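Here's the letter readout for the chains.
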Amino acid sequence: MQTLDGKTTEYLKSTTPARICLGRTGSRYKTADYLRFQTDQYAAANAVTAEVDEKTLKDLGLFEVKTLCRDKTQMLTRPDLGRLLGKAAVKKIKSCCIPSPDAQIYVGDGLSAAAVAANAGDLLPAIRLSLEYEGISVGTPFFVRYCRVNTAKIIGDILKPRVTCVLIGERPGLLTVGSMSAYIAYNAGPSMSEGDYNVLSNISKNGIPPVEAAAVITDIIKAMLKQKTSGYGLIL
Amino acid sequence: MLLSHTVYGQTFRFSSVKEVLAKANEYKSGDVLARVAAADNRERMAAKLTLAELTVADIRENPVVPYETDEVTRIIQDGLDDAEYRRLRGLTIGELRDKILSDETSGIDLLKMSRGMTSEVIAAVAKLMGNLDLMIASKKIEVTARCNTVIGGNGVFASRLQPNHPTDDIKGILSSLLDGLSYAVGDAVLGVNPAIDSVESTTAVLNLLQDVKTRYAVPTQICVLSHISTQMKALKAGAPTDLFFQSIAGSEKALGSFAASCDMLGEADDLIRKSRTANRLDNTGNYMYFETGQGSELSSDFHHGADQQTMESRCYGLARRYKPFLVNTVVGFIGPEYLYDGRQVIRAAHEDVFCGKMHGLPMGIDCCYTNHMSADQNDIDNLIVLAAAAGASYVMGVPQSDDIMLMYQSTGYHDIAAVRELLGLKPIEPFSAWAENLGILENGRLGKNAGNAAIFKL
């Protein structure tokens, strides 16, 4: 077993949450590190099937619609169903939301319920406040259960906002099970492609903190409204 | 051309070569999702038996995406060596499999022959091979490619050092980088996936990588894996880089969903060669880096009704046009809707390494999984050994296999050291000599300074 220069190791470890300067036994990990990894990996795998509860949605002030997926397990193997909304969901969105806002923001569980609980409460009001301060109208927010990113194509089609933004839970990692991404597109609709999104990922207390992320998302939305485009063509 | 076969007392009929190719595939959740998979193993076997009797010409003349509408198909078809194709055209896919595995056929023979095979032909023969068949054939084929150093060759097992950070923090990236170098990881490339796809961030990380490469005299390559247009802008503004990276796909439209095109890849290759000339460096080597992975075409809905393994092989047909330095499948990254569990990931990995090497590519592999798949690190421990045994040229080195930015698990610094120890493999020369000189390696094994990042003075 090797000993490291303690001070250097401490310093390097302090600069990143990555699992570095672990030392070794032979070419393998030491017991504590090996078991910590396995503990964290199982926790992340377990987090995938968790659900966003009623209380979280009530606290966030969001009404709920569901995609065509039956449950989380089906959502894993049927991304096609996770992009589609039934007639009832479409009707509910139409009746509860103001049409054609400048920006429509909604929340999806994606692969992490924990991400919604951890980040949406800070993200939503911060984005709304700074957009409205600039005179940009913001649509009625809501929550989509068993949601995939490409629900944005349908939401864009239903509500006709100029910019559509979905805040969605990322698949859980070992560092955090509660990380969120924002997928944002100008004129979102059925014919758009993946390259038309601008994405901000790693929104979490371990990555880009929600308040900081809200500022970036606001800037992206403003740029889209000004340049009337999104994706790689957008100049930021 | 007979598109039917009787097996188990039942006759199965297929309507196209594309359908035979799809149904002959081993079971993958992505083919089920795309509704192109065989209904059951009986139909799967009928498709395999049908495929075994189709000829190389049958497959070549029926590309899975039409020539007229798809640039990737045109690149694959137009790039074919006619003389080699004429020698092969009458062989059945079953005969081709036997020829590939025969002692009479060397790796050099395979590289020559494969110039006459379309990506669909290479994909087809893989469908008639078991995992060990694929490994034996892959191992035969030695491919080398040259940038600052030469990757590939027998006895060499290289690694990409992947020191990602959730916010591209320069100090954080540096720490993971030094830790990785202290395990003799990073001989293929020091390559960072940026969290922020901007010229500014790409340039900052490239400057860091260049600084580390120069300061510690590391004989390797550097690359930041932002979008190719971002990297080109950074290079034009004076940022250093050794390789241009892009994710690619097996159809023109699927490539377009990455906001990339064949023209753009060609432009990038020209640009980096010109830039090397301007810096008085040799420009006759290999300077592109591509990543692929089964399922990306279906993900963007541009799979054209073909199965994911055939579409993946077409990525390699596209890649070979640009003579890349690095190509790797990120095999378990995409999720359970395409590859459900460890077993499907391992199967796909063997197919990808074989198809890549058959295309003459210096094929590496990101042995990986995500937390929403039915797989764990033990699957990846198995896969990295299998990949090395099959002659994959490099794998990823991530701190304890956990990527804190991309949120998936790959292979760790320790894992690369363990596989080199297990199979008696070494890093690329002169990187290996560099590591020996610093006491990181001693006679090819981890040495007294291995794992001690403090040997690199900050």
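1. Re a nonpolar patch on the surface
All names here are of chain B.
Turning to step 1, where the next piece is worked out: Taken together, the side chains of Y8, M45 and L49 present a nonpolar region at the surface, about 270 Å² in accessible area.
Turning to step 2, where the next piece is worked out: Turning to its location among the elements, Y8 is positioned in the loop between β1 (4-7) and β2 (10-13).
Turning to step 3, where the next piece is worked out: The class for Y8 is exposed, based on a relative accessible area of 54%.

2. Regarding the domain arrangement of chain B
Residue and element names in this part refer to chain B.
Turning to step 1, where the next piece is worked out: Domain annotation for chain B reports domain 1 (4-140) and domain 2 (145-455).
Turning to step 2, where the next piece is worked out: Centre-to-centre, using C-alpha coordinates, domain 1 lies 28 Å away from domain 2.
Turning to step 3, where the next piece is worked out: With 45 residues of domain 1 in contact, the opposing surface of domain 2 contributes 48 residues.
Turning to step 4, where the next piece is worked out: Summing the contributions of domain 1 and of domain 2, the shared interface buries around 3700 Å²; its carbon and sulfur component is 60%.
Turning to step 5, where the next piece is worked out: Among the residues of domain 1 in contact with domain 2, K28, I75 and M135 are the three that bury the most area, contributing 15% of the side total.
Turning to step 6, where the next piece is worked out: Counting every contact that joins domain 1 to domain 2 gives four salt bridges.
Turning to step 7, where the next piece is worked out: Note that K127 is salt-bridged to D307, the shortest N-O span being 2.8 Å.

3. Comments concerning the packing of helix α9 (residues 119-126) of chain B against helix α18 (residues 342-358) of chain B
Residue and element names in this part refer to chain B.
Turning to step 1, where the next piece is worked out: Here α9 crosses α18 at 140°, and the two axes come no closer than 10 Å. One way to sum up the angle between α9 and α18 is to call them oblique. Here α9 runs over α18; the crossing is right-handed. Counting all contacts with α9, which are made through I122, A123, V125 and A126, the residues of α18 involved are R347, F354, C355 and M358.
Turning to step 2, where the next piece is worked out: In terms of residue class, the contact of α9 with α18 is built from seven nonpolar, no polar and one charged.

4. Topic: the interface of chain A and chain B
Turning to step 1, where the next piece is worked out: At the junction of the two partners, chain A supplies 53 residues and chain B supplies 57 residues.
Turning to step 2, where the next piece is worked out: Between chain A and chain B, roughly 4500 Å² of surface is buried when both sides are summed, and carbon and sulfur atoms account for 56% of that area.
Turning to step 3, where the next piece is worked out: Summed over the three residues of chain A that lose the most area to chain B, namely A:Y29, A:R171 and A:Y232, the buried surface amounts to 16% of that side.
Turning to step 4, where the next piece is worked out: The interface formed by chain A and chain B contains three salt bridges.
Turning to step 5, where the next piece is worked out: With its nearest N and O atoms 2.9 Å apart, the salt bridge here joins A:R28 to B:D415.
Turning to step 6, where the next piece is worked out: Inspection of the region where chain A meets chain B yields 21 residue pairs in polar contact (both at pLDDT 80 or more).

5. Points about the sheet that holds strand β2 (residues 103-108) of chain A
Neighbouring strands of a sheet are bound in pairs by backbone hydrogen bonds; such pairs are parallel or else antiparallel.
Residues and elements named next belong to chain A.
Turning to step 1, where the next piece is worked out: Strand order in the open sheet formed by six strands is β1-β3-β2-β4-β5-β6, with mixed pairing between adjacent strands. The open sheet terminates on both sides in strands that have one partner only, identified here as β1 (63-66) and β6 (198-203). Neighbour-to-neighbour, the strand axes of the sheet open up by a mean angle of 25°, direction not taken into account.
Turning to step 2, where the next piece is worked out: Bridge count for β1 against strand β3 (residues 142-145) is four bridges, and the pairing is parallel. If you follow F63 over to β3, its bridge partner there is F142.
Turning to step 3, where the next piece is worked out: Lying over the sheet, helix α5 (residues 87-96) contacts β1 and β3, oriented at roughly 155° with respect to β1.
Turning to step 4, where the next piece is worked out: Set on the sheet, helix α7 (residues 151-159) makes contact with β2, β3 and β4 (163-169); between it and β2 the angle comes to about 140°.

6. Let's talk about the pattern of salt bridges
Turning to step 1, where the next piece is worked out: Per the stated rule, a full pass over the model turns up 34 salt bridges over all chains.
Turning to step 2, where the next piece is worked out: The shortest N-O distance in the salt bridge between B:E61 and B:R89 comes to 3.5 Å. Separated by 28 residues along the polypeptide, B:E61 in the loop between α4 (56-60) and α5 (71-78) and B:R89 in the loop between α6 (82-88) and α7 (93-101) bring together distant segments of the chain.
Turning to step 3, where the next piece is worked out: Exposure remark for B:R89: the relative accessible area of 36% places this residue in the partly exposed category.
Turning to step 4, where the next piece is worked out: A salt bridge links B:R445 to B:E421, with the shortest nitrogen-to-oxygen separation between them at 3.5 Å. One end of the pair, B:R445, is in strand β16 (residues 445-446); the other, B:E421, is in helix α20 (residues 413-423), with 24 residues separating them in the sequence.
Turning to step 5, where the next piece is worked out: For B:R445, a relative accessible area of 48% translates into the label partly exposed.
Turning to step 6, where the next piece is worked out: Linked through salt bridges whose partners overlap, the residues forming this network are A:R19, A:D40 and B:D402.

7. Quick notes on α7(B)
Turning to step 1, where the next piece is worked out: If you check which residues of α7(B) are buried, you get B:I93, B:G94, B:L96 and B:I100. Looking straight down α7(B), one finds its buried side chains confined to an arc of 160°; they lie on one side.

8. Considerations on the sheet that holds strand β5 (residues 158-161) of chain B
Residues and elements named next belong to chain B.
Turning to step 1, where the next piece is worked out: An order of β7-β6-β5-β12 is seen for the four strands of this open sheet, with the pairing classed as parallel. Each edge of the open sheet carries a strand with a single partner, namely β7 (222-224) and β12 (394-397). Adjacent strand axes in the sheet meet at a mean angle of 25° when their direction is disregarded.
Turning to step 2, where the next piece is worked out: In this structure, strand β6 (residues 189-192) lies alongside β7, joined through three bridges in parallel fashion. The partner of G191 across the bridge, within β7, is C223.
Turning to step 3, where the next piece is worked out: Docked against the sheet, helix α11 (residues 170-181) engages β5 and β6, running at close to 165° with respect to β5.

9. A word on α5(B)
Residues and elements named next belong to chain B.
Turning to step 1, where the next piece is worked out: Among all positions in α5, only V72, T73, I75, I76 and Q77 are buried.
Turning to step 2, where the next piece is worked out: Buried residues along α5 sit against α4, α9, α14 (252-256), α15 (262-278) and α17 (308-320).
Turning to step 3, where the next piece is worked out: Taking the backbone nitrogen of V72 as reference, a side-chain oxygen 3.0 Å away marks D70 as the first, capping residue of α5.

10. Details of the environment of B:I384
All names here are of chain B.
Turning to step 1, where the next piece is worked out: By the element assignment, I384 lies in helix α19 (residues 377-389).
Turning to step 2, where the next piece is worked out: Residue class for I384 comes out buried when judged on its relative accessible area of 3%.
Turning to step 3, where the next piece is worked out: With 27 residues separating them along the chain, I384 and T411 place their C-alpha atoms 7.6 Å apart.

11. Considerations on the pairing of β2(A)
Strand residues, when the strand is regular, have side chains that alternate between the two faces of the sheet.
Residue and element names in this part refer to chain A.
Turning to step 1, where the next piece is worked out: The element β2 is largely enclosed, with a buried count of six among its six residues.
Turning to step 2, where the next piece is worked out: Burial along β2 is two-sided: A103, I105 and V107 facing one way and Q104, Y106 and G108 facing the other are all buried.
Turning to step 3, where the next piece is worked out: Relative to β3, β2 runs parallel, the two sharing two bridges. Each residue of the ladder has a partner; that of G108, found in β3, is V144.
Turning to step 4, where the next piece is worked out: Once you follow β2 into helix α6 (residues 113-133) and on to β3, the crossover reads as right-handed.

12. A look at the side chain of B:E351
All names here are of chain B.
Turning to step 1, where the next piece is worked out: With respect to the helices, strands and loops of the structure, E351 is situated in helix α18.
Turning to step 2, where the next piece is worked out: Overall, E351 belongs to the buried group, its relative accessible area being 1%.
Turning to step 3, where the next piece is worked out: Within the structure, the side chain of E351 is placed 2.7 Å from the side chain of R347, a separation counted as a polar contact.
Turning to step 4, where the next piece is worked out: For E351, the contacting residues outside a window of four places in its chain are N25, E26, K28, L134, Q294 and Q309.

Reading the values: rules and limits
- Residues numbered from 1 in each chain as written.
- Chains lettered and ligands numbered in written order.
- Predicted model: local features only at pLDDT ≥ 70, side-chain atom pairs only at ≥ 80, totals over all residues.
- Heavy atoms only, no water.
- Patch = residues over 30% accessible without salt bridge, like charges linked within 9 Å, V, L, I, M, F, W, Y side chains within 5 Å.
- Areas by Shrake-Rupley, 256 points an atom, 1.4 Å probe, with all protein chains shown as cover.
- Salt bridge = Lys/Arg side-chain N within 4 Å of Asp/Glu carboxyl O.
- Helix = DSSP H or I, 4+ residues; strand = E, 2+ residues; numbered from the N terminus.
- Buried < 20%, exposed > 50% of the residue type's maximum accessible area, 1.4 Å probe, protein only.
- Domains from an automatic or database assignment.
- Contact = heavy atoms within 4.5 Å.
- Buried area = accessible area lost by both parts, 1.4 Å probe.
- Axes fitted to C-alpha atoms, helices over the stretch in contact; angles between N-to-C directions.
- Parallel < 35°, antiparallel > 145°, perpendicular 65-115°, else oblique.
- Left-handed = near helix turned anticlockwise from the far one by under 90°.
- Nonpolar A, V, L, I, M, F, W, Y, C, P; charged D, E, K, R; others polar.
- Polar contact = N/O pair within 3.5 Å; in protein donor to acceptor, adjacent residues only side chain to side chain.
- Pairing = 2+ DSSP bridges.
- Arc of directions from axis to C-beta.
- Right-handed = clockwise from strand over helix to strand, strands pointing away.

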